[in-house]
Amino acid sequence: MSVDILNDIESFLTWYRINFGDTLHLNTDIDPETIMAQWEQPAPAAQTAPAPQAPVSQKKKTPDVNDTFRVHGNHAELKALYERIRDCTQCALSGNRKNFVFGMGNPRADILFIGEAPGKDEDIQGLPFVGRSGKLLDKMLFAIGLSRQDVYIANVLKCRPPGNRDPLPDEVALCEPYLKQQIDIIQPRLIVALGRIAAQSLLKTDAPLGKMRREKHTYNGIPFIVTYHPSALLRSSGWKQYAWQDFKKILNFMEKPV
Ligand code: URA
């Protein structure tokens, strides 16, 4: 057996053990409670993407390009896009932002996660999903053997709406072309919309989340699945079992791309 295969087996077993303990589940339909319990635990330090953050008072107001790109390293095209759009003033949200939240992750990711818009923490740090819901997202990714370094994470809007209100249609219309340019560069094979607002904004529908997550979609020709926003799961943990069903679709996709 080659060293590569042994290494793969070792990493799989390590991942499996962290997620499911010492019991080998031969049935792949693993009890969602086992996974949900993992989502309650802190993700292991090595997998927790955001580096320790300086206290807010010590933060620079605007991260420079290297801060924004520190998680995924340099990627000329993505960086050029960032530099082109980071000072955007197309809509009123630019007037109140602390930071333009471009996105983060692996520029060659197969999977792109898209949230709604930056919240307070994201506006302060200039990075997506770094608050409480981001920590849950890290654990959900970890449960399927992924980290932020493996995927790309962005939002429909790049600037925080006041009071975290829903994005307005005009704001989506102005900001969505930026997301489309990111998609053209990253070329993910799967897009996962986090939450009703992100999904409705991109699919141009007012269908409820329950309906959207059961249906098959494409966005710009790319398979597109819809799941719960992590903040909804923090509010209503009963939905985690359904989110786990969606995350199993991501697992299946990774194993057997459509
Ligand atoms: N919620 C979102 O939709 N996006 C973020 O980046 C953070 C919270």
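In case you missed it, the structure is sitting above this.
Here goes a summary of the coordinates provided. Residue indices follow the written sequence of each chain, beginning from 1 at its first position. Only residues with pLDDT of at least 70 are given local features in this predicted model, and only at 80 or more are side-chain atom pairs given and counted; all residues enter the totals for whole chains, interfaces and linings. Each side-chain value is derived from all of the structure's non-hydrogen atoms; neither hydrogens nor water enter the calculation.

1. Quick look at the site of the ligand
In step 1: A single heavy atom is enough: if one lies within 4 Å of a molecule or strand, its residue is considered near that molecule or strand. Taken together, Gly 115, Glu 116, Ala 117, Glu 122, Pro 128, Phe 129, Ser 133, Asn 155 and His 229 are the residues near the ligand.
In step 2: Under this definition, polar contacts are N or O atom pairs within 3.5 Å; protein pairs additionally need one hydrogen-donor-capable and one acceptor-capable atom, and for neighbouring residues in sequence, both atoms have to be side-chain atoms. Within the backbone of Phe 129, one N or O atom sits 3.0 Å away from an oxygen atom of the ligand.
In step 3: At a separation of 2.9 Å, an oxygen atom of the ligand approaches a polar side-chain atom of His 229.
In step 4: Each residue is assigned to one class: nonpolar for Ala, Val, Leu, Ile, Met, Phe, Trp, Tyr, Cys and Pro, charged for Asp, Glu, Lys and Arg, and polar for all the others, Gly among them. Tallied by class, the residues present in the shell around the ligand amount to three nonpolar, four polar and two charged.

2. Topic: the nonpolar core
The nonpolar side chains of soluble globular proteins are, as a tendency, buried together.
In step 1: Here the nonpolar core consists of buried residues drawn from Ala, Val, Leu, Ile, Met, Phe, Trp, Tyr and Cys, with membership extended through side-chain atoms lying within 4.5 Å. Each residue is assigned to one of three classes by its accessible area relative to the maximum for its type, calculated with a 1.4 Å probe on protein chains only: buried under 20%, partly exposed between the two thresholds, exposed over 50%. In terms of nonpolar packing, the biggest core is built from 61 residues, with Phe 113 and Ile 250 touching the most fellow members.
In step 2: If one sorts the elements of this core by residue count, helix H8 (residues 169-186) sits on top with seven residues.
In step 3: Throughout, a residue-residue contact means that at least one pair of heavy atoms, one from each residue, lies within 4.5 Å. Every residue in contact with Phe 113, bar those within four places of it in the chain, is listed here: Leu 141, Val 151, Tyr 152, Ile 153, Ala 154, Val 192, Leu 194, Phe 247 and Ile 250. Secondary structure follows DSSP: runs of H or I at least 4 residues long count as helices, runs of E at least 2 residues long count as strands, and numbering of each begins at the N terminus.

3. Some details on H8
Because each turn of an α-helix spans 3.6 residues, side chains separated by three or four positions end up pointing in the same direction.
In step 1: Look at H8: 25 Å from first C-alpha to last across 18 residues, which is about the 26 Å you get at 1.5 Å a residue.
In step 2: Think of it this way: the bend at a residue is just the angle between two axes, each fitted to seven residues, one set ending at that residue and the other starting at it. Maximal helix bending in H8 amounts to about 35 degrees, located at Cys 175; proline Pro 177 follows within four positions.
In step 3: The first or second residue beyond H8 is Gln 187, which carries a positive phi of 50 degrees. A helix is expected to span 1.5 Å multiplied by its residue count minus one.

4. Structural notes on the sheet that holds strand E2 (residues 111-115)
In step 1: Strands qualify as paired when DSSP identifies two bridges or more between them. An order of E1-E3-E2-E4-E6-E5 is seen for the six strands of this open sheet, with the pairing classed as mixed. Edge positions in the open sheet fall to strand E1 (104-105) and strand E5 (217-219), since each of these has one partner strand only.
In step 2: Where E2 lies against strand E3 (residues 152-155), four bridges are found, and the strand directions are parallel. Bridging from a neighbouring strand, Gly 115 pairs with Asn 155 of E3.
In step 3: Running at roughly 155 degrees to strand E6 (residues 222-227), helix H12 (residues 240-255) makes contact with E2, strand E4 (190-194) and E6 of the sheet. The axes are straight lines fitted to the C-alpha atoms, using for helices just the contacting stretch, and the angles between their N-to-C directions are given from 0 to 180°.

5. A look at the pattern of salt bridges
In step 1: Criterion for a salt bridge: a side-chain nitrogen of Lys or Arg within 4 Å of a carboxyl oxygen of Asp or Glu. For the structure shown, the criterion picks out eight salt bridges.
In step 2: The shortest N-O distance in the salt bridge between Arg 189 and Asp 110 comes to 3.1 Å. Taken together, the positions of Arg 189 in the loop between H8 and E4 and Asp 110 in the loop between E1 and E2 put the pair 79 residues apart, joining distant regions of the chain.
In step 3: Given the relative accessible area of 36%, Asp 110 is considered partly exposed.
In step 4: Of the charged contacts, one joins Arg 213 and Asp 246 as a salt bridge, the two residues approaching to 2.9 Å between their closest N and O atoms. Placement of the pair is Arg 213 in helix H10 (residues 209-214) and Asp 246 in helix H12, with a sequence separation of 33 residues.
In step 5: Here the residues in one salt-bridge network are Glu 176, Lys 180 and Lys 204, joined through shared partners.

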